[in-house]
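Reading the structure
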Amino acid sequence: MFDLQNIRNQFPILQQSVNGKPLVYLDNAATSQKPISVLDSWMKYYTEINANVHRGIHTLSQLATEEMELARQKVQKFINAKHDYEVIFTRGTTEGLNLIAYTLTGMMKEGDEIIISHLEHHSNIVPWQMLCERTGAKLKVIPMDENGVLQMDFLRENLNERTKIVSVNHVSNALGVINPVEEIIAETRKNSDALIVIDGAQSVPHFKIDVQQMDCDFFVFSGHKMYAPMGTGILYGKESVLRKIQPFQGGGEMIAVCTFDKTTYADLPFKFEAGTPNVGGNIALGAAVDFIEQVGHQNIQQHENALLGYCQEKLLQIDGLRIYAEHAKRTGVVSFNLQGVGISSDVGMILDKLGIAVRTGHHCTQPIMRFFDIAGTVRASFAVYNTFAEIDALAEGVKKAQRMLS
Ligand code: C6P
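Residues numbered from 1 in each chain as written. Predicted model: local features only at pLDDT ≥ 70, side-chain atom pairs only at ≥ 80, totals over all residues. Heavy atoms only, no water.

Let's talk about the overall build of the protein chain
On a plain count of helices and strands, the protein chain comes out with 14 helices and 17 strands. Over its C-alpha atoms the protein chain spans a radius of gyration of 22 Å, differing by no more than 12% from the 22 Å that the globule rule assigns to 406 residues. Counting only C-alpha atoms and orienting by the principal axes, one finds that the protein chain spans roughly 70 × 55 × 35 Å. A burial count over the protein chain gives 55% of its 406 residues as buried. Summarising the internal contacts of the protein chain: among those between residues at least 6 apart in sequence, 71% fall at separations of at least 24. (Helix = DSSP H or I, 4+ residues; strand = E, 2+ residues; numbered from the N terminus. Rg over C-alpha atoms; globule rule 2.2 N^0.38 Å. Buried < 20%, exposed > 50% of the residue type's maximum accessible area, 1.4 Å probe, protein only. Contact = heavy atoms within 4.5 Å.)

This is the structure:
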């Protein structure tokens, strides 16, 4: 049974007013709110078992270690990784992508190629550009059409023995477009030996992920967009690949033996987890996994798809409103502009006065904005706790903004 009111009751932050109006939080692609179970789990760690992990013989350290390793196992099951040691704790998607790009440096040489897509967030562009600068490799970009749909012919024509990395997002944060990652992975496997990286920041909160079925080499995501605290994230890597590549950072926790002559590295996953981790955050990420599983992936997807359809329908009734990638297969996001209103943040500010939180601007995807020849969009993005009444409030707010700004 999907009980929306019960779900909303679990999010204390949603009960408040902003600028004298009930908060309508539609900025979930930037970060989601956190349920009480996640907050409690974080609080419990700091009030009852705060200690460093994998280091102490004392009881608290052992309890903290057990809890964090339990969270790792929850994430393993959540994304269906084969082993828990394929799950590496990070600070988020950005760190995961930088970790991969940095650690693959030794594998790349001049003339090698990296393929990304036009739909990427800056964090899936810049680390690869930096890798190209370090190694002389070349970046290729799968183009998109007016609907935000990737042109798969380009990928097919450009995959070859020089392709070393293919890195694409599962869902575009700016447009909500769901990319055909299964097809991208199948084509890549057929035509090259490239390593495949999937940025799952915007897919993990919305639908069930199965990394084994997907057959990617890496899958990265942030905890804070899936009801967990900020500063948490996951890098999944296939065991065979993780064993071959070098660590990202050196320090405590990631060594087996350290001498001044030579240091050997710890086994997986610790080889990639130098320094004290975000123990409380990682444990609370486990609680966020529990929350999602209790609500149920199917319920989440059904509700969010209904919200998306309703939002699109309501907004398209407004004259002069354009939804970007309107006809593409999407999830979680409606990105739009009002004709004659050049600055999306003006709309965002009026909505904020009405208690409605949306994101405006380029959403860290300047190449997408350049494609549409705009500076930014207004983006409404959904989570499982959003309601149809909130969409009505958004539509009324946008109409008011239109009246005020045109
Ligand atoms: N997108 C948004 O408002 P971090 O900041 O490391 O948690 O996530 C980076 C990132 C990477 N890939 C995609 C597809 C993303 O959406 C994001 C974060 C936020 O759209 C903040 S810019």
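Structural notes on the pairing of strand 11 (residues 255-258)
In terms of strand pairing, strand 11 meets strand 12 (residues 263-265) through three bridges, oriented antiparallel. By the bridge assignment for strand 12, cysteine 258 is matched with threonine 263. The loop that links strand 11 with its antiparallel partner strand 12 comprises four residues. (Pairing = 2+ DSSP bridges.)

Here we look at the site of the ligand
Close to the ligand lie 16 residues; Thr94, Asp199, Gln202, Ser222 and Arg359 are nearest. At 2.5 Å, a side-chain N or O of threonine 94 approaches an oxygen atom of the ligand. In the environment of the ligand, an oxygen atom lies 2.7 Å from a nitrogen or oxygen atom belonging to the side chain of serine 222. Contact with the protein chains covers 87% of the free accessible surface of the ligand, which is 510 Å². Its residues assigned to classes, the shell around the ligand shows four nonpolar, eight polar and four charged. (Near = heavy atom within 4 Å. Polar contact = N/O pair within 3.5 Å; in protein donor to acceptor, adjacent residues only side chain to side chain. Areas by Shrake-Rupley, 256 points an atom, 1.4 Å probe, with all protein chains shown as cover. Nonpolar A, V, L, I, M, F, W, Y, C, P; charged D, E, K, R; others polar.)

A word on the environment of leucine 63
Mapped onto the elements of the fold, leucine 63 is located in helix 3 (residues 59-79). It is 51 Å that separates the C-alpha atoms of leucine 63 and phenylalanine 154, two residues lying 91 residues apart in sequence.

Focus on the domain arrangement of the protein chain
Assigned domains of the protein chain: these are domain 1 (4-27 + 296-405) and domain 2 (39-293). Computed over C-alpha atoms only, the centres of domain 1 and domain 2 are separated by 28 Å. Across the domain 1/domain 2 interface, buried area totals approximately 2,700 Å², and carbon plus sulfur atoms make up 63% of it. It is His297, Thr331 and Phe371 that lose the most area in domain 1 upon contact with domain 2, and together they represent 24% of the buried surface on that side. The residue arginine 322 makes a salt bridge to glutamate 146 at a minimum N-O spacing of 3.3 Å. At the boundary of domain 1 and domain 2, one finds 16 residue pairs in polar contact (both at pLDDT 80 or more). Mapped by element, the contributors of at least two residues to the side of domain 1 that touches domain 2 are helix 11 (297-316), strand 14 (333-338) and helix 13 (366-372). Looking at the side of domain 1 that touches domain 2, the element that brings in the most residues is helix 13, giving six residues. (Domains from an automatic or database assignment. Buried area = accessible area lost by both parts, 1.4 Å probe. Salt bridge = Lys/Arg side-chain N within 4 Å of Asp/Glu carboxyl O.)

Things to note about the sheet that holds strand 9 (residues 218-222)
Across the sheet, which stays open at both edges, the seven strands sit in the order 4-10-9-8-7-5-6 with mixed pairing between neighbours. The open sheet has two free edges, formed respectively by strand 4 (87-90) and strand 6 (138-142), since each of these has just one partner strand. Across the sheet, the mean angle from the axis of one strand to that of its neighbour is 20 degrees, orientation sign disregarded. (Axes fitted to C-alpha atoms, helices over the stretch in contact; angles between N-to-C directions.)

Structural notes on the packing of helix 11 against helix 14 (residues 388-405)
Between helix 11 and helix 14, the least distance of the axes is 10 Å, while the angle of their chain directions is 25 degrees. Here helix 14 runs roughly parallel to helix 11, going by the angle between their axes. Here helix 11 runs over helix 14; the crossing is right-handed. Contact with helix 11, carried on its side by His303, Ala306, Leu307, Tyr310, Cys311, Lys314 and Leu315, involves Phe388, Ile391, Asp392, Leu394, Ala395 and Val398 of helix 14 and no other residues of that element. A per-class count over the contact of helix 11 with helix 14 returns 10 nonpolar, one polar and two charged. (Parallel < 35°, antiparallel > 145°, perpendicular 65-115°, else oblique. Left-handed = near helix turned anticlockwise from the far one by under 90°.)

What about unusual backbone geometry?
Between leucine 268 and the following residue, proline 269, the backbone shows a cis peptide bond with an omega angle of 0 degrees. Relative to the assigned elements, proline 269 resides in the loop between strand 12 and helix 10 (279-295). One non-glycine residue, asparagine 80, lies in the positive phi region at around 55 degrees. Following the sequence through the fold, asparagine 80 ends up in the loop between helix 3 and strand 4. Judged by relative accessible area, asparagine 80 falls into the partly exposed class, the value being 29%. Of note in the backbone geometry, cysteine 364 takes a positive phi value of approximately 60 degrees without being a glycine. Turning to its location among the elements, cysteine 364 is positioned in the loop between strand 16 (359-361) and helix 13. Of the residues examined, cysteine 364 reaches a relative accessible area of 23% and is grouped as partly exposed.

Here we look at a nonpolar patch on the surface
Taken together, the side chains of Trp42, Met43 and Tyr46 define a hydrophobic patch exposed on the protein surface, amounting to about 320 Å² of accessible area. On the basis of relative accessibility, which here comes to 41%, the residue tyrosine 46 falls in the partly exposed class. (Patch = residues over 30% accessible without salt bridge, like charges linked within 9 Å, V, L, I, M, F, W, Y side chains within 5 Å.)

Description of the nonpolar core
Generally speaking, nonpolar side chains in soluble globular proteins are found buried as a group. Within the largest apolar cluster, 71 residues are counted, with the highest numbers of intra-cluster contacts made by Leu175, Ile198, Cys216, Phe219, Met226 and Tyr227. At 10 residues, helix 10 tops the list of elements feeding residues into this core. When residues are assigned to domains, this core turns out to be shared by domain 1 (4-27 + 296-405) and domain 2 (39-293), each giving three or more. Look past the residues within four positions of phenylalanine 219 in its chain and what remains in contact with it is His170, Ile198, Gly200, Ser203, Val204, Ile209, Val211, Met214, Ile234, Leu235 and Tyr236. If you look at the next biggest cluster of nonpolar residues, it comprises 27 residues, including Leu307, Ile318, Ile356 and Val378. (Core = buried A, V, L, I, M, F, W, Y, C linked by side-chain atoms within 4.5 Å.)

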